[in-house]
Amino acid sequence: MPSRAPRCRQLSVGQNLLSPHVLPTRKRSMTGLGVVFRPQLPPERLRAVARAADEAGLEELWLWEDCFREGGMATAAAALAWTERVRVGVGLLPVPLRNVALTAMEAASLHRMFPGRATVVVGHGVQDWMGQVGARPASPLTLLGEHLDALRALLGGERLTVRGRYVSLDDVALDWPPQQAVPVFAGATGPRTLRLSGARADGTVLTAATSPDGVRQARQLIEEGQKDSGRGEQHPVVVYLLAATGPDAGARLRAELADEGLESSTDVGVAGDADTVAAAVRRLAEAGADTVVLQPTAGEPDPEAFVRFAAEEVRPLVP
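Since the structure is predicted, the reported quantities are computational estimates derived from the model, not experimental observations.

**Q** Sorry, what's going on with the overall build of the chain here?
**A** Along the backbone of the chain there are ten helices and twelve strands. In terms of overall dimensions, the chain is globule-like: its C-alpha atoms have a radius of gyration of 19 Å, near the 20 Å expected for 319 residues. When the backbone C-alpha atoms are referred to their principal axes, the chain occupies close to 60 × 40 × 40 Å. Sorting the 319 residues of the chain into buried and exposed places 56% on the buried side. Restricting to contacts in the chain with at least 6 residues of sequence separation, those with at least 24 account for 77%. Summed over all atoms, the accessible surface of the chain reaches about 13,600 Å², with 50% contributed by carbon and sulfur.

Quick look at the structure:
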């Protein structure tokens with residue numbers, strides 16, 4: 001049975017539920033650092049990479065639920081079970097693929113089994129992929145807002161009856177909600193989604209296409225959303241940074257940027273030694289990022305060495 005009696009709440013369509021359970025992840029004076037395990041790698045490779053991250057003292061290992069590669073919650077549970085201290089983030093879970101009750105059940109299980117070590121991020125997902133599985137919503141923004149409201153409430157131990165455009169719940173509560181308050185992050189890029197994240201999520205994740213100026217702009221939009229909804233608590237921002245090191249780092253980075261259509265973008269991505277990568281991390285932190293997650297190129301030849309590079313060489317250079 002749950003450790004606390006669920007509170008009962010009924011939501012009307014479009015109502016913005018703002019649960020007060022927000023956990024500050026760290027002081028702004030310290031920049032968090034992580035690495036992505038990209039789903040272009042086979043799932044069986046995750047164990048070695050996760051253990052390398054844990055042993056090297058890396059703070060955060062991030063995973064993606066990209067269609068049609070690896071499930072985010074399955075890989076997160078495995079990575080957490082194989083390690084002792086590294087925090088694991090899933091950034092992000094596409095909400096069109098997921099019933100919010102299932103997302104809440106899985107997130108709550110992670111938080112109860114591995115307290116303080118999991119970060120769950122939800123977002124629109126790639127709309128073309130959502131269309132491939134018959135789940136492309138007419139209004140992605142409405143769906144994300146309803147999902148965030150319900151997910152935060154369920155993880156807060158509430159009992160919900162909801163009749164939304166996309167989210168429908170009838171007297172639903174978790175038997176095993178998290179024992180401590182947990183944050184729910186949103187992945188966001190466009191202005192409306194960034195404002196939504198400020199208003200209805202507990203933190204925001206930005207893609208590797210985000211420059212330092214882009215982080216500043218995102219911060220402003222997030223703060224507008226917070227102000228409009230009457231929220232003033234700390235709102236952590238996580239940003240991915242495409243990074244490469246080693247003899248062919250420059251060529252791999254250029255190829256990756258070209259594949260992503262970012263070859264003409266400025267101050268996006270970094271290639272070089274630890275000093276060069278750390279300088280790029282610091283620029284993002286100075287622009288307003290609380291955590292920078294290094295995103296290796298799809299052709300990274302040694303993922304285990306890359307996490308050791310981040311933890312042992314880059315981390316000491318990032319205050």
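**Q** Explanation requested: the packing of aromatic side chains in the structure shown.
**A** Geometry of an aromatic ring pair is reported as the spacing of the ring centres plus the angle between the planes. In this structure the tally under the stated criterion is three aromatic pairs. Considering the side-chain rings of Phe306 and Phe309, the 6.1 Å spacing of their centres and the 45° angle between planes classify their relative orientation as tilted. Of the two residues, Phe306 and Phe309 both sit in helix α10 (residues 303-314), three residues apart, roughly one turn of that helix. The pair formed by Phe306 and Phe309 is uniform in burial state, with each residue classed as buried. One aromatic cluster in this structure is built from Trp62, Trp64 and Tyr240.

**Q** Just checking my understanding: could you explain the environment of Leu242 for this structure?
**A** By the element assignment, Leu242 lies in strand β10 (residues 237-244). Between the alpha carbons of Leu242 and Val270 there is a distance of 6.4 Å; along the sequence they are 28 residues apart. Among residues more than four places away in sequence, those in contact with Leu242 are Arg38, Ala208, Leu253, Glu256, Leu257, Gly269, Val270, Gln295, Pro296 and Thr297.

**Q** I'm lost on the pattern of salt bridges in this one. Help?
**A** Should the charged atoms of two oppositely charged side chains come close, the side chains can pair. Under the definition given, this model contains 20 salt bridges. Salt-bridge contacts for Arg45 lead to Glu304; the nearest nitrogen and oxygen are separated by 2.9 Å. Here Glu304 lies in helix α10 and Arg45 lies in the loop between β2 (32-37) and α1 (46-56), a separation of 259 residues in the sequence. When its relative accessible area of 29% is taken as the criterion, Arg45 is described as partly exposed. With relative accessibility at 12%, the residue Glu304 sits in the buried group. With a closest N to O distance of 3.5 Å, Asp171 and Arg159 form a salt bridge. Of this pair, Asp171 sits in strand β7 (residues 168-172) while Arg159 sits in strand β6 (residues 158-163); the two residues are twelve residues apart in sequence, bridging distant segments of the chain. Here Asp171 falls in the partly exposed class, since its relative accessible area comes to 44%. Among the ionic contacts, a cluster of salt bridges with common partners joins Arg152, Asp202, Arg231 and Glu233.

**Q** Teacher, can you tell me more about empty space enclosed by the protein here?
**A** To find the voids left in a structure, one rolls a probe of water-molecule size over its atoms. Taken as a whole and judged by the stated rule, the model has two cavities of 30 Å³ or more. The volume enclosed by the second largest cavity comes to roughly 40 Å³. For the lining of the second largest cavity, the element with the highest residue contribution is helix α9 (residues 274-287), accounting for three residues. Its residues assigned to classes, the lining of the second largest cavity shows four nonpolar, one polar and two charged.

**Q** Would you mind showing me how to read the nonpolar core here?
**A** Nonpolar side chains in soluble globular proteins generally cluster together in the buried interior. Core analysis: the largest hydrophobic core is formed by 79 residues, its most contacted members being Val122, Leu155, Leu169, Leu241, Val281, Leu294 and Val314. For this core, the element with the most residues is helix α5 (residues 140-155), which contributes eight residues. Grouped together as the second largest cluster of nonpolar side chains are 15 residues, Trp64, Val121, Leu242 and Val293 included.

**Q** How do you make sense of helix α3 (residues 100-113) when you look at a structure like this?
**A** Three- or four-residue spacings in an α-helix give side chains the same orientation, since the helix completes a turn every 3.6 residues. Look at α3: 20 Å from first C-alpha to last across 14 residues, which is about the 20 Å you get at 1.5 Å a residue. Buried residues of α3: Val100, Ala101, Thr103, Ala104, Ala107, Ala108, Leu110 and His111, and no others. Contacts from the buried residues of α3 go to α2 (72-82), β4 (87-94), β5 (118-123), α5 and β7. Residue Asn99 occupies the N-cap position of α3, its side-chain oxygen lying 2.8 Å from the main-chain nitrogen of Ala101.

**Q** Any chance you could explain the environment of Glu263 here in plain terms?
**A** Relative to the helices and strands, Glu263 is located in the loop between α8 (249-259) and β11 (270-271). By relative accessible area, Glu263 is classed as exposed at 55%. Once you skip the residues sitting within four places of it in the chain, Glu263 turns out to touch Leu257 and Ala258.

**Q** Could you clarify how one ought to interpret the layout of surface pockets in this entry?
**A** By volume, the largest pocket is sized at about 740 Å³. Taken together, 29 residues form the lining of the largest pocket, with Trp64, Asp66, Val126, Thr207 and Ala208 sitting closest to its centre. Mapped onto the lining of the largest pocket, the elements with two or more residues apiece are β4, β9 (203-206) and β10. Broken down by element, the residue count for the lining of the largest pocket peaks at three residues, all from β4. Here the lining of the largest pocket is built from residues that sort into 13 nonpolar, ten polar and six charged.

What counts and how
- Every chain begins its residue count from 1, and numbering advances along the sequence as written.
- Reporting in this predicted model follows two pLDDT cut-offs: at least 70 for local features of residues, and 80 or more for side-chain atom pairs to be given and counted; totals over whole chains, interfaces and linings ignore these cut-offs and use all residues.
- Note: side-chain values were computed over all heavy atoms of the structure, leaving out hydrogens and water.
- In this text, helices come from DSSP runs of H or I with a minimum length of four residues, and strands from runs of E with a minimum of two, each type numbered from the N-terminal end.
- As defined in this context, the radius of gyration uses C-alpha atoms, and a globule is described by 2.2 Å times the residue total to the power 0.38.
- A simple rule labels every residue: compare its accessible area, found with a 1.4 Å probe on the protein chains alone, to the largest value its type can have, and call it buried under 20%, exposed over 50%, or partly exposed in between.
- A contact between two residues is defined here by any heavy atoms of the two lying within 4.5 Å.
- Using the Shrake-Rupley algorithm and a 1.4 Å probe, accessible areas are obtained, with residue cover drawn only from the displayed protein chains.
- Side-chain rings of Phe, Tyr and Trp, where Trp is taken by its six-membered ring, are said to pair if the distance between their centres is within 6.5 Å; with planes under 30 degrees apart they count as stacked, over 60 as edge-to-face, and otherwise as tilted.
- Only one rule defines a salt bridge in this text: a Lys or Arg side-chain nitrogen within 4 Å of an Asp or Glu carboxyl oxygen.
- Cavities and pockets were defined on a 1 Å grid built over protein atoms only: a cavity is a set of grid points that admits a 1.4 Å probe from which the probe cannot escape, a pocket is an open set flanked by protein on both sides within 12 Å along at least five of seven lines, and lining residues are those with an atom within 4 Å of any such point.
- Grid points are joined across faces, edges and corners, and a volume is the space filled by probe spheres set on the points.
- Charged residues are taken to be Asp, Glu, Lys and Arg, nonpolar residues to be Ala, Val, Leu, Ile, Met, Phe, Trp, Tyr, Cys and Pro, and polar residues to be all remaining types, Gly included.
- The criterion is simple. A nonpolar core is a set of buried Ala, Val, Leu, Ile, Met, Phe, Trp, Tyr and Cys residues joined through side-chain atoms within 4.5 Å.
- Between the first and last residue of a helix there are one fewer steps than residues, each counted as 1.5 Å, and that sum is the expected span.
- For the purposes of these results, a polar contact is taken to be a pair of N or O atoms within 3.5 Å, where, inside protein, one atom must be able to donate a hydrogen and its partner to accept one; residues adjacent in sequence count only when each atom of the pair is a side-chain atom.

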